[in-house]
Every structure is written in structure tokens, then in C-alpha cells.
Amino acid sequence: MGHVRSAEGRWDKVHGVFMRKVRISLLLAGAALIAFSAPGFAADKKAAPLPPPDPRIGVLEQQLRDVQQQLTEIKGSQSATDYSSAVVDLKRSTSDQYADLNKRLDAQTRVGLDNGRLSFASADGAFTLSLRSLIQFDYGYFAQGRNPANVDLNSGSNFRRAQFGFVGTAWRDWSYNFTYDFGGNGTEKNGYIYYAYLQYDGFGPLHVRGGAIAPFAGIEDATGSGDLLFLERPSVTDIARNIAGSPGREGIDVFLQGDTYLLSAAYTSKKTTDAATFDEQSAVVTRASWLAVSTSDVKWLVDANLSHVFHLADTAPNSGANFFSFSNGPEVGVDASKTVNTGNIDAKRVTEFGFESAATYAGLYAQGGWFRFNVERRTAVPNPNFDGWYATLTYSLTGEEHAYDPTTASFRGLRPDHPLGSGGWGAWEVKARYSDIDLDYLPFATVAAGGVAGGKQDIWTLGVNWYPTSGIRFMFDYDNIQVDHVNAPANNISASAFVVRSQISF
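Predicted model, so just to flag it, every value in this text is computed and none were measured.

Attention now goes to the overall build of the protein. Assigned secondary structure in the protein consists of five helices and 24 strands. Across the 506 residues that make up the protein, the buried fraction comes to 40%. Looking at the protein alone, contacts between residues at least 24 apart form 62% of all its contacts between residues at least 6 apart. Total accessible area computed for the protein in this model is approximately 26100 Å², and 61% of it derives from carbon and sulfur atoms.

Set out below in C-alpha cells:
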């Protein structure tokens, strides 16, 4: 402010000098008028005698000399005065005020709306918060006229997922995720904790995550629900992830994550949706993933995972009774029935391991995997084992590619290069998948002899995905479902399903 007052003082001085010049100019003009008018008047009166001198002329002459003297002084004073420093001070003051204004703006909380997601961030970036949501609405119809009378798959609609939550960072090295889900396929609670964890990221590539998590258990498992290629995961991967993983699993996960690798080891217990038990399940879930090829044209991912339940939940206090079951549905979320189901198996330990791979080339995307399930019984009867596999192939009709996500070691859904309404029709892809699960073990033997008749299910799926924009998707799946119970033909299923999904996510 001192610089501003100094500049104002110099301006007042310049203004005073200017006004003095104006007054002097007026005075000079008046003197000149009198001087020129007197001789003219005398010329017109040549015949008359000359009048006596007017004393006012002397006064004007003296004033003229004084004015000339003042002009000389003013010119000297003006040439000696330099206002450049005042201008520099004024510029510096303005620049300081501008910098101070920018500093205050930078200190404010930043608000953004990236791809529809409302986000907040502190000025230093140490704290962030983003609101997130995923809404999936399905409608499905089953054509099942050839099925036995006791088999009836449900046609109808539901909100497969209705998730709301927030994610972000705190104190720069911590991250968090809280997500609640109000949807489901009829087997979940009406509203439950999907994610609720805190993660420490201050160890570089090593991260520690604890709470209600989803431990890494394979490529298909790690693919986000909003990026799934089909409406449901293949039965074999859905069974594998639910042994000791899947969202809402309480536990702690330690993992190394880089641009081309992911190594994970987690300890887990029950899910947030599980009924109360007397001693909770205890298990470990591990995964190793490597992006073996990564070029601008080709990406190839290889993956292995293992889950081991070393203590099953007790069904009664001090009973020592432990049971485990494997089951799944027709890969259509509007129906909650279990088309294959082993029922309760008297078990001591359960082990699952699997191998998956995925690759992209131009508009092509391929993924597949094989899984094995082993059960160690508590009694002296044969230990059952089960297996299954799947294969997926998609092709982008509009040329987009599935991007690799190093944070989950999986591939994301398409992001349209030319969204609808912006000079294009979004992204389109066609898809096909074969899914197989076999839950039979000595199916004709009695339970006492170790027989397990869970059934065998094979599903062919064809479909189309349309991505009008990056946050909206429409999916159409046609499923051909075949379920074979070799020891109970009355429970066999042969059906077709037509399912559509509308999805919005941010």
C-alpha cells in the first residue's frame, strides 16, 4: 500500500503542474490580445494625436516576464523529474496483489466432475474424496418348455447392483473405499457392505489393505463389476472367488503392484453377509499375475491363484462339525436358483487353485481359465475334487481396445472413441463364451461312501455390448443352458435365456 500512496502523490504533483500551465497559457493569450489591439487602434486614428501611455501595459509586460521565468523553471523542473520509478513501484504492487490472489485461490478446496464423478481435493492433494455409483438393471426371460415340471427358472427383472459410496486418499499415503450395495440376485441381504477398507500406500509398490475387502483371486475376479464382458461371471470363477474371497470379505491383504506385475497374499475370514457362527472361517488367498507381453499392438497376461481354507466355520459351539458346499446358478442374475449344488460336505480343509490368461490384439480380446477344487474330509472316506473352465472371445466392431489396468491386473471395458452425440455412435462389440463346471464326484455312490452328486453345467453365451459413452452401457446376452444330473434326470435343465442390462457408472 505504501507503493500505491507514493504513486498517488506523484500523480497529484503532475496534475498541479498541468493546471499551472493552463493558467499561464490563458494569461499569455490575454496579454497578446491587448498588445495586438493597441497598435491597430492607433493605425485607425493616424490623424489624431497620440494618447498618453496606458499604465496597464506595463503591468502586463511585467506579468509576461514573470510567466516566462516560471515557464523556464517549470521546464527545468519537468526535465529533472523521473516518474519511471513510480511506474515500476505501481507494477510491482499490482503483481504482488495478483500473486497473493492466486495463492489464496490455490489454497481453496478443488471440486471437479470428471466423467460424471463428483470429486474434491485439498490444495496440496493430500486429501481427496470422490463419490462413486454403479447401477445395473436386468430383465431376463427363460424359454424352458422342455424342462421337467419341477424345474422353473424365474423370468423377470431386478437391480443386479445398486452401489453407492466414496473413495479417496487421506494424509497422502492412505487410501480408503466405502461402498454399500442395495442390489443383488436375491441371495444377498437387502443392503450390505460391499467395501469398507483402509489402505496404506507409503511403502512404494507394497500396499497393505484391511477391512471388508475383495482379495485378489484371478483375472475374472479382479475385473470390476462395471467392466464385466457378460452379465455374470463364469460359474467356475464365481465358485472359486466365493470360497475365501469376493467383495465384503473381512480380512487383510498385502500386495506388490507394478506396471507389469501383481503379487498378493491375503488372510480372510467371514463375509459381511454371512450368518453368525461360533468360530469364523480362516483362510489365505494368493495370486501372482504377470503382463508377459506389452506392446502398442499386443498385450498378454498370465495369472495363477490359490485359496486355502485351513479352518472352516463351526456350525455349533464346541461341536467340531464343519461343512462346506459348492453351488452356482444359470449365470443369469434374475434367477437365484442353484442349478448345480453339492450340498453340505463334511470337510476339514478346502483348497482351490486356478490358471488364467488374457490377451488383446487390435479389436480382438480373448480370456480363459481352468480351476480345481479339493476337499479334505474329516472322516475316512474318499476326498472329493471338482473342476471347471471357461473361454471368452470378443471383437470390437468400432476399433476400440480393452485397456490393461495395472492396479488390478485385469482388462477394462471399452471406452468409446466417438461417443454418441459427439459425432459417433459409441463403441460396439460382439462376444461369445463357453462355461463349464462339474460338481460330480462318484455321483452314483452313497454320501457315506463319499459320493457327491452336484451336477454338471455347460452354458454357451452370445451377445452384444454397446457403450454410448464411457459411463453408460447396454448389454444383450443369449444363454443356452444345459444342466445334467446323471443320477437324477428329473432335475436336468435345458433352457435358453434372453437377458438385457442397462448400466450407468461414475
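Next up on the list: the environment of F386. Among the secondary structure elements, F386 is positioned in strand 18 (residues 385-396). On the basis of relative accessible area, F386 is assigned to the buried category, the value being 1%. Expressed as a C-alpha distance, the spacing of F386 and E352, which sit 34 residues apart in the sequence, is 9.6 Å. The contact partners of F386, leaving out residues within four places of it in the chain, are F326, T342, I345, F371, R372, F373, V375, D438, L439, D440, Y441 and V452.

To continue, consider the pairing of strand 9 (residues 261-271). Taken together, the eight bridges between strand 8 (residues 249-257) and strand 9 define a ladder with antiparallel strand orientation. Bridge assignment links D253 to a residue of strand 9, and that residue is A266. Hairpin geometry of strand 8 and strand 9 is characterised by an intervening segment of three residues between the two adjacent antiparallel strands. As paired strands, strand 9 and strand 10 (residues 282-294) are joined by eight bridges and run antiparallel to one another.

Okay, a nonpolar patch on the surface next. Nonpolar side chains collect at one region of the surface, where Y361, L364, L393, Y395, L397, L420, W425, W428 and V430 lie side by side and expose about 920 Å² of accessible area between them. Looking at the nonpolar patch, the elements that each hand over two or more residues are strand 18 and strand 21 (427-441). Turning to its location among the elements, L420 is positioned in the loop between strand 20 (410-411) and strand 21. According to the relative accessible area criterion, L420 is partly exposed, its value standing at 36%.

Applying the stated criterion across every chain yields a total of 25 aromatic pairs. Ring centres 6.2 Å apart and planes at 65 degrees place the aromatic pair F166 and Y176 in the edge-to-face group. Remark: Y176 occurs in strand 5 (residues 174-181) and F166 occurs in strand 4 (residues 156-170); sequence separation between them is 10 residues. Through pairs of rings, three or more aromatic residues link up here, namely F164, F166, Y176, F178, Y180 and F182. It is K431 that lies over the ring of F230; its NZ or CZ is 4.8 Å from the centre. Above the ring of F230, the side-chain terminus of R433 is found at 4.4 Å from the ring centroid.

We now examine the side chain of H402. Counting through the fold element by element, H402 comes out in the loop between strand 18 and strand 19 (404-405). A polar contact is formed between the side chain of H402 and the backbone oxygen of R412, at a distance of 2.7 Å. Polar contacts involving the side chain of H402 include one to the side chain of E429, which spans 2.9 Å. If we ignore the near neighbours within four places in the chain, the residues touching H402 are L229, T360, Y365, T394, F411, R412, G413, L414, E429 and Y467.

To continue, consider the nonpolar core. Among soluble globular proteins, nonpolar side chains are generally buried collectively. Counting residues in hydrophobic clusters, the biggest one holds 39 residues, and the most contacted among them are I243, F326, F373 and F386. Every element with two or more residues in this core is listed here: helix 5 (235-244), strand 10, strand 17 (364-376), strand 18, strand 21, strand 22 (452-469), strand 23 (472-484) and strand 24 (493-505). In this structure F326 touches I239, I243, V340, N341, T342, I345, V350, F373, V375, F386 and L439, once residues within four positions along its chain are discounted. One finds L262, L301, Y404 and F411 within the second-largest nonpolar core, a separate group that totals 14 residues.

Here we take up the side chain of D221. Within the element layout of this structure, D221 appears in helix 4 (residues 219-222). When near neighbours in sequence (up to four residues on either side) are disregarded, D221 contacts P215, F216, R233 and R241.

Here we take up the pattern of salt bridges. All told, the structure shown has 14 salt bridges when counted by the stated rule. A salt bridge links D477 to K431, with the shortest nitrogen-to-oxygen separation between them at 2.6 Å. Of this pair, D477 sits in strand 23 while K431 is found in strand 21, placing the two residues 46 residues apart along the sequence. Using a relative accessible area of 3% as the deciding quantity, one classes D477 as buried. Residue K431 is classed as buried on the basis of its relative accessible area of 4%. Three or more residues joined by partner-sharing salt bridges are found here, namely D138, R160, E232 and R501.

All right, on to helix 5 then. Each α-helix winds once per 3.6 residues, and so residues spaced three or four apart point in a common direction. Among the 10 residues that make up helix 5, eight are buried, leaving the element largely enclosed by the rest of the structure. Along helix 5, the positions that sit buried rather than exposed are S235, V236, T237, I239, A240, R241, I243 and A244. Trailing helix 5 by a residue or two, S246 shows a phi angle of about 75 degrees, which is positive.

On to the pairing of strand 11 (residues 298-311), then. Regular strands place their side chains on alternate faces of the sheet. Both strand 10 and strand 11 contribute to a ladder of 12 bridges, which runs antiparallel. Among the inter-strand pairings, T286 is bridged to a residue of strand 11, identified as L306. Between strand 10 and strand 11, which pair antiparallel one after the other, the connecting turn spans three residues. Relative to strand 16 (residues 349-361), strand 11 is paired through 12 bridges, and the arrangement is antiparallel. Note on strand 16: the bridge partner recorded for L306 is F353.

In this section: the environment of N190. Mapped onto the elements, N190 comes out in the loop between strand 5 and strand 6 (192-203). The exposure class of N190 is exposed, given its relative accessible area of 73%. As a C-alpha pair, N190 and T273 span 83 residues in sequence and 9.9 Å in three-dimensional space.

Reading the values: rules and limits
- Residues numbered from 1 in each chain as written.
- Predicted model: local features only at pLDDT ≥ 70, side-chain atom pairs only at ≥ 80, totals over all residues.
- Heavy atoms only, no water.
- Helix = DSSP H or I, 4+ residues; strand = E, 2+ residues; numbered from the N terminus.
- Buried < 20%, exposed > 50% of the residue type's maximum accessible area, 1.4 Å probe, protein only.
- Contact = heavy atoms within 4.5 Å.
- Areas by Shrake-Rupley, 256 points an atom, 1.4 Å probe, with all protein chains shown as cover.
- Pairing = 2+ DSSP bridges.
- Patch = residues over 30% accessible without salt bridge, like charges linked within 9 Å, V, L, I, M, F, W, Y side chains within 5 Å.
- Salt bridge = Lys/Arg side-chain N within 4 Å of Asp/Glu carboxyl O.
- Phe/Tyr/Trp six-rings, centres within 6.5 Å; stacked < 30°, edge-to-face > 60°.
- Lys NZ or Arg CZ within 6 Å of the ring centre and 35° of its normal.
- Polar contact = N/O pair within 3.5 Å; in protein donor to acceptor, adjacent residues only side chain to side chain.
- Core = buried A, V, L, I, M, F, W, Y, C linked by side-chain atoms within 4.5 Å.

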